[in-house]
Amino acid sequence: MSDTFERIRRVVVKIPRGKVMTYGDVARAAGLPGAARAVGYAMRALGRTVPWQRVLGRKNPRSAHITIVDARGKAEQRRLLEKEGVKFDPRGAVPLATFGWIPRLPKRLR
DNA sequence: GACATGACGTAAT
DNA sequence: TATTACGCCATGT
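What you are looking at is a predicted structure, and each value in this text was computed from that prediction instead of being measured. (Residues numbered from 1 in each chain as written. Chains lettered and ligands numbered in written order. Predicted model: local features only at pLDDT ≥ 70, side-chain atom pairs only at ≥ 80, totals over all residues. Heavy atoms only, no water.)

*Asks:* So what exactly am I meant to see when it comes to the protein's contact with DNA strand B here?
*Replies:* Within the structure, DNA strand B sits among 17 residues, and Tyr-23, Ala-36, Arg-37, Val-69 and Arg-72 are positioned closest to it. Among the atoms of DNA strand B close to the protein, meaning within 4 Å, 44% are from sugar or phosphate groups. One nitrogen or oxygen atom from the main chain of Arg-58 is found 3.1 Å from a phosphate oxygen belonging to DNA strand B. In the model, a phosphate oxygen of DNA strand B is placed 2.4 Å from a nitrogen or oxygen of the Arg-72 side chain. Broken down by secondary-structure element, the contributors of at least two residues to the surface near DNA strand B are helix H2 (23-29) and helix H3 (36-46). Considering every element that reaches the surface near DNA strand B, the biggest residue donor is H3, with six residues. (Near = heavy atom within 4 Å. Polar contact = N/O pair within 3.5 Å; in protein donor to acceptor, adjacent residues only side chain to side chain. Helix = DSSP H or I, 4+ residues; strand = E, 2+ residues; numbered from the N terminus.)

Here you go:
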């Protein structure tokens, strides 16, 4: 397991129930700003050992809502999130203002 | 080591 | 709003 994956894992496992983060935010919180792609790759590798369903994607820049990216596990992901209380709007998106979660970051990384 | 690919994000056009 | 281009990181060929 690479050091990068370990850092990503440490962030993901802290996401509280009923909250979600974007790939980009996870990367930033892990000290890897801009490495959203690596987070996606890591999520696939980590699989069900972490609360993978709480990581969604920001479809458009500056968008206030995020959507499920993983096409293969999308149905299960949505079911798990709704069970935790996360609400999806008619377009299948989640409002960040309500369910988004940003962890406290070391000052160095902010 | 070069190159392509992928559960991504952002800025420019 | 849609498309394009590029940056980022790990893997596989």
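Past the structure itself, the notes keep going.
*Asks:* What is the right way to read the confidence of the model for chain A from this model?
*Replies:* Interpretation of the predicted coordinates at a detailed level should be avoided for regions scoring low in pLDDT. Per-residue pLDDT for chain A has a mean of 89; in total, 93% of the residues score no lower than 70. Across chain A, strand S2 (residues 55-56) holds the top mean pLDDT of 96, while strand S3 (residues 65-67) sits lowest at 91. (pLDDT = per-residue confidence, 0-100.)

*Asks:* How should the protein's contact with DNA strand C be read in this particular structure?
*Replies:* For DNA strand C, the full set of nearby residues is Thr-4, Phe-5, Gly-34, Ala-35, Arg-37, Ala-38 and Tyr-41. Of all DNA strand C atoms lying within 4 Å of any protein atom, the proportion belonging to sugar or phosphate reaches 83%. Within the side chain of Thr-4, one N or O atom sits 2.4 Å away from a phosphate oxygen of DNA strand C. For the surface near DNA strand C, the secondary-structure elements that each account for two or more residues are helix H1 (3-12) and H3. Considering every element that reaches the surface near DNA strand C, the biggest residue donor is H3, with three residues. Here the residues of the surface near DNA strand C are counted per class, giving four nonpolar, two polar and one charged. (Nonpolar A, V, L, I, M, F, W, Y, C, P; charged D, E, K, R; others polar.)

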